[in-house]
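If you want the building blocks of each chain, they are given just below.
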Amino acid sequence: TWTPGNIVEEQVAAIRAQVGDKRAICGLSGGVDSAVAAALVQKAIGSQLTCVYVDHGLMRKGETEQVEKDFVAATGANLKVVDASERFLNALAGVSDPETKRKIIGREFIRVFEQAQLEILQEEGPEVAFLVQGTLYPDVVESGGGEGTANIKSHHNVGGLPDDIEFQLVEPLRQLFKDEVRLVGSELGLPDVIVQRQPFPGPGLGIRIVGEITKERLDLLREADAIARQELTAAGLDAEIWQCPVVLLADVRSVGVQGDGRTYGHPIVLRPVSSEDAMTADWTRMPYDVLAKISTRITNEVADVNRVVLDVTSKPPGTIEWE
Ligand code: XMP
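Residues numbered from 1 in each chain as written. Predicted model: local features only at pLDDT ≥ 70, side-chain atom pairs only at ≥ 80, totals over all residues.

S.K.: Break down the overall build of the protein for me, citing the residues and quoting the values.
M.R.: Check the secondary structure of the protein and you find 10 helices and 13 strands. Over its C-alpha trace the protein gives a radius of gyration of 21 Å, about what one expects of a compact globule, namely 20 Å for 323 residues. Taken along its principal axes, the extent of the C-alpha atoms in the protein is 70 × 50 × 35 Å. Counting every position in the protein, which comprises 323 residues, the buried fraction comes to 33%. (Helix = DSSP H or I, 4+ residues; strand = E, 2+ residues; numbered from the N terminus. Rg over C-alpha atoms; globule rule 2.2 N^0.38 Å. Buried ≥ 20, exposed ≤ 12 C-beta atoms within 10 Å, placed from the backbone.)

This is the structure:
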């Protein structure tokens, strides 16, 4: 019979058999899959695992701390945090085009992660032979499946080191669907903030600022997003809403009036959607009083925002994200 306990037991045995006395690296993204994969491997091989978290500076409020504190507290994992936010900001300076943003973020992410892998290799030696990935069953099916994808090569251009480092993949979630991964995560003692997290794109808030990305704009959006998330949770809407992107229209200004004066600030867009799989989606008919509360709080508490608008477009034709 399928129980999360049985899956944990079975995977722990399999991981031990695969990794033996070698060492493994696991990249944490802040998402459910990588956290559960890492927690499983941690349970199996303990301190033979090193987790790496690249902070690209595009996460929402409190998310990096969730990885640094809550994940580590729940699992006892070794964690290497790389603060690369300056590097990402520099690489993204002046860029507004959505696909260019994605490419830059993806490229920088791989570079920073590979650099971290190299440092771990230098510290820990050739024993580091495995890379943990949170691949799920639907990913396996989508990519044609099979065990043939069991190795991955990392290419490095740093002097004095091997050009290619070959890792074997550890993919303990390959047989699981998303809801099963959540059950396994809870079984392993991960907190709900990690296990029940709604989908969030890899490029993070970088693709929720329509316009150029700057530190100030990120901070502003982080505040607005945190307010929306707080109120949606307080209203008990987290299960009903698939995800609710909060978007800053950084290149748009509109006139407002606040206190004794006119303002010329930015709009924030709320994009609550209901969906089964993100392929199609409908805008969530959520209670007006919750929308009102979010709007009042954002315009009162976030400087430079004087308008909150609701996106009432389904997918198609609108995508869930604005970029
Ligand atoms: P769209 O906007 O295409 O989004 O309707 C569908 C789902 O995918 C997420 N999304 C991304 N996830 N990298 C990701 O890891 C991306 O570049 C990306 N773009 C969109 C989006 O949040 C939604 O859940």
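Anyway, onward from the coordinates.
S.K.: Explain the nonpolar core to me, using residue names and the numbers behind them.
M.R.: Ala 24, Cys 26, Val 36, Ala 38, Val 41, Val 132 and Ala 224 are the most contacted members of the largest nonpolar core, which totals 69 residues. Broken down by element, the residue count for this core peaks at 10 residues, all from helix 2 (residues 32-45). Two domains each provide a minimum of three residues to this core, namely domain 1 (4-195) and domain 2 (208-310). (Core = buried A, V, L, I, M, F, W, Y, C linked by C-beta atoms within 7 Å. Domains from an automatic or database assignment.)

S.K.: Explain the pairing of strand 2 (residues 49-55) to me, and be specific about the residues and the numbers.
M.R.: Where burial is concerned, most of strand 2 is hidden: six out of the seven residues are buried. In the classification by handedness, the crossover that spans strand 1 (residues 23-28), the intervening helix 2 and the parallel strand 2 is right-handed. Of the pairings in the sheet, the one linking strand 2 to strand 3 (residues 78-83) comprises six bridges and is parallel in character. When the sheet's bridge partners are listed, Asp 55 is paired in strand 3 with Asp 83. (Right-handed = clockwise from strand over helix to strand, strands pointing away. Pairing = 2+ DSSP bridges.)

S.K.: Quick one: what's the story with the packing of helix 1 (residues 4-19) against helix 2, residue by residue and with numbers?
M.R.: A pair of packed helices is captured by two measures, namely the crossing angle of their axes and the spacing between those axes. In the contact formed by helix 1 and helix 2, the axes pass within 8 Å of each other and the chain directions differ by 65°. Compared by their axis directions, helix 1 and helix 2 come out roughly perpendicular. The handedness of the crossing between helix 1 and helix 2 is right-handed. Residues Val 8, Gln 11, Val 12, Ile 15, Arg 16 and Val 19 of helix 1 form the contact with helix 2, whose own contacting residues are Leu 40, Val 41, Lys 43, Ala 44 and Ile 45. (Axes fitted to C-alpha atoms, helices over the stretch in contact; angles between N-to-C directions. Parallel < 35°, antiparallel > 145°, perpendicular 65-115°, else oblique. Left-handed = near helix turned anticlockwise from the far one by under 90°. Contact = placed C-beta atoms within 7 Å.)

S.K.: Residues and numbers for the domain arrangement of the protein, please.
M.R.: Per the domain assignment, the segments making up the protein are domain 1 (4-195) and domain 2 (208-310). When each unit is reduced to the centre of its C-alpha atoms, the spacing between domain 1 and domain 2 is 30 Å. Counting from both sides, the interface comprises nine residues of domain 1 and, opposite them, eight residues of domain 2.

S.K.: So what about the UniProt feature "binding site: ATP" (unreviewed entry) in the protein? Which residues, and what values?
M.R.: In this structure's numbering, the residues bearing the UniProt feature "binding site: ATP" (unreviewed entry) are Ser 29, Gly 30, Gly 31, Val 32, Asp 33, Ser 34 and Ala 35. Assignment of secondary structure puts Ser 34 in helix 2. Leave out the neighbours within four places in its chain, and Ser 34 touches Cys 26, Gly 27, Leu 28, Ser 29 and Gly 134. Relative to the assigned elements, Ala 35 resides in helix 2. The class for Ala 35 is buried, based on 30 C-beta atoms found within 10 Å. (UniProt positions renumbered as here; feature names shortened; annotations may be inferred.)

S.K.: Can you explain helix 1? Please cite residues and give values.
M.R.: With 16 residues, helix 1 extends 22 Å from end C-alpha to end C-alpha; this agrees with the ideal 22 Å at 1.5 Å per step. For helix 1, the set of buried residues is Ile 7, Gln 11, Ile 15 and Val 19. Viewed end-on, helix 1 has its buried residues packed into an arc of 70°, placing them on one side of the element. Exposed side chains of helix 1 directed beyond 90 degrees from the buried face belong to Gly 5, Asn 6, Glu 10, Ala 13 and Ala 17. Of the residues flanking the end of helix 1, it is Gly 20, one or two places downstream, whose phi is positive at about 60°. (Expected span 1.5 Å × (residues − 1). Arc of directions from axis to C-beta.)

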